[in-house]
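Descriptive analysis of the structure
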Amino acid sequence: MTLPTNACRIRIALVLVVASGWTLAGAGAAPQPASSAASNLAQVQELVDGNRPNEALELVDSILAQDPKNAEALLLRSTARLMVGEREEGRQDLERALALDPQQRRGWLNRAALDIAEERYEAALESFQRAEAIDPKAPDNDLNIGAVELLLGKLKPASERFGHHLAANPRSADAQYLVATNYALAGYAALALQHLRQAIDLDEVARLRARTEPNFQSLVADRRYQELLNVDRYRVPAEYYNDSTTFETPYDAADPVLLSAVIDSLQLAGRPFDPRVEVTDRWALIRGDLRIKVYTFGGKGLVQVSAPPDRFTPTEWRQRTEELFRGIEKRILDLTMRLP
């Protein structure tokens, strides 16, 4: 299902089209045995979770033909219909499911997501509050409600909600990141940058995510945002493996001989790494079982390699780094010999 832009960018703690983990309790007497009905519903759920909505619709239609007031089945069919773009029919099934069983928390979450897509923020807030009433301890309550309150221009209550969410997840980079994206979307640049910085400090992968984050488009011209993206604040912990070596070829993002040599060496050795290489004018970062930073120091190229102490034995660490540094030297030679 494709949602309008705002709904795609608002960060709430749910995914509308995958209604995972709900209770398959019976919604009244069914013509077929309870165990069989539950099994069929579980199969529909698997099809929905596996992004196979058309197959899910075939099966759930047969269930509803026998038991048209099965609230779980209606909720599943609603989700499958929304996945194939049948917005109105999906909404109708959702409303029927909630009328039959208003204790389906996932249904209220799905309805809130639809309301956000249609920019009906007051209705979305009410839906999230219904979900919270069903499970007051659910970890997504504060983030969901805070996000919609922010869309309604209610900064103080939204910030209080976000504060509760972050207090419950004190070491979560993802929690900080989601709060930052919501503040950015609502136009609160300073708050967005504050939480983005904290997310990066907890896990530098947040900086990589931020580079392609639609919610941060309004911050692209902000000097503070650019500084967050271009400054590497990571410090290798004292207990980590940590080694480096220099090469005559300096790091140059515009003429990436050294960076190409590092990447080629990893590929030739069959070493896995994240293909999302982070590149700036001053440094580049490659993440895999090794953290590899490439930059210029003292006019020469420097490749710094680090890893947690439990990832390798000392012998394995020495072998891996020696292999890598030899491979880089060889690839630099190969690459420079081909230049005119």
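Treat the numbers as computed from the prediction; the structure is a model and nothing was measured. (Residues numbered from 1 in each chain as written. Predicted model: local features only at pLDDT ≥ 70, side-chain atom pairs only at ≥ 80, totals over all residues. Heavy atoms only, no water.)

**Comments concerning the packing of helix H7 (residues 121–134) against helix H8 (residues 141–151)**
Worth spelling out the cut-off: Between N-to-C directions, angles cover 0 to 180 degrees, with each direction set by a line fitted to C-alpha atoms, over the stretch in contact for helices. Runs of H or I in DSSP of at least four residues are treated as helices and runs of E of at least two as strands, each being numbered from the N terminus. Each angle receives one of four descriptions, namely roughly parallel if under 35 degrees, roughly antiparallel if over 145, roughly perpendicular if within 65 to 115, and oblique otherwise. A crossing counts as left-handed when the near helix is turned anticlockwise from the far one by less than a right angle, and as right-handed when that turn is clockwise. Here, two residues are considered to be in contact whenever any of their heavy atoms come within 4.5 Å of each other. Gly is put with the polar residues, along with every residue not named as nonpolar or charged; the nonpolar set is Ala, Val, Leu, Ile, Met, Phe, Trp, Tyr, Cys and Pro, and the charged set is Asp, Glu, Lys and Arg.
At a minimum axis separation of 9 Å, H7 and H8 run at an interaxial angle of 165°. Here H8 runs roughly antiparallel to H7, going by the angle between their axes. When the axes of H7 and H8 are compared, the crossing they make is left-handed. Contact residues: Tyr 121, Ala 124, Leu 125, Phe 128, Gln 129, Ala 131 and Glu 132 in H7; Asn 141, Asn 144, Ile 145, Val 148, Glu 149 and Leu 151 in H8. In terms of residue class, the contact of H7 with H8 is built from 8 nonpolar, 3 polar and 2 charged.

**What to know about the side chain of Asp 232**
Put simply, the rule reads: Think of it in three bands: with a 1.4 Å probe and only protein chains considered, a residue is buried below 20% of the maximum accessible area for its type, exposed above 50%, and partly exposed in between. For this analysis, a polar contact is any N or O atom pair within 3.5 Å, provided that within protein one partner can donate a hydrogen and the other can accept it, and provided that sequence-adjacent residues contribute only side-chain to side-chain pairs.
Within the element layout of this structure, Asp 232 appears in the loop between helix H13 (223–230) and strand S1 (241–247). Note on Asp 232: relative accessible area 10%, which makes it buried. Separated by 3.1 Å, the side chain of Asp 232 and the backbone nitrogen of Tyr 234 make a polar contact. A polar contact is formed between the side chain of Asp 232 and the side chain of Arg 291, at a distance of 3.2 Å. Discounting residues that sit within four places of it in the chain, Asp 232 has contacts with Glu 204, Arg 207, Trp 283, Arg 291 and Lys 293.

**Comments concerning the sheet that holds strand S3 (residues 283–287)**
Which entries qualify depends on this criterion: Strands were regarded as paired on the criterion that DSSP finds at least two bridges between them.
Strands sit in the order S1-S5-S4-S3-S2 across an open sheet of 5 strands; the sheet is antiparallel. Two strands lie at the open edges of the sheet, namely S1 and strand S2 (278–279), each paired on one side alone. Pairing of S2 with S3, which is carried by 2 bridges, proceeds in the antiparallel orientation. Opposite Glu 278, over in S3, you have Leu 285 as the bridge partner.

**Some thoughts on the packing of helix H10 (residues 173–185) against helix H11 (residues 189–202)**
Contact geometry of H10 with H11 gives a least axis separation of 8 Å together with a crossing angle of 160°. Relative to H11, H10 is oriented roughly antiparallel. The hand of the H10/H11 crossing is left-handed. Of the residues in H11, those touching H10 at Ala 173, Gln 176, Tyr 177, Val 179, Ala 180, Tyr 183 and Ala 184 are Leu 191, Ala 192, His 195, Leu 196, Gln 198, Ala 199 and Leu 202. Its residues assigned to classes, the contact of H10 with H11 shows 11 nonpolar, 3 polar and no charged.

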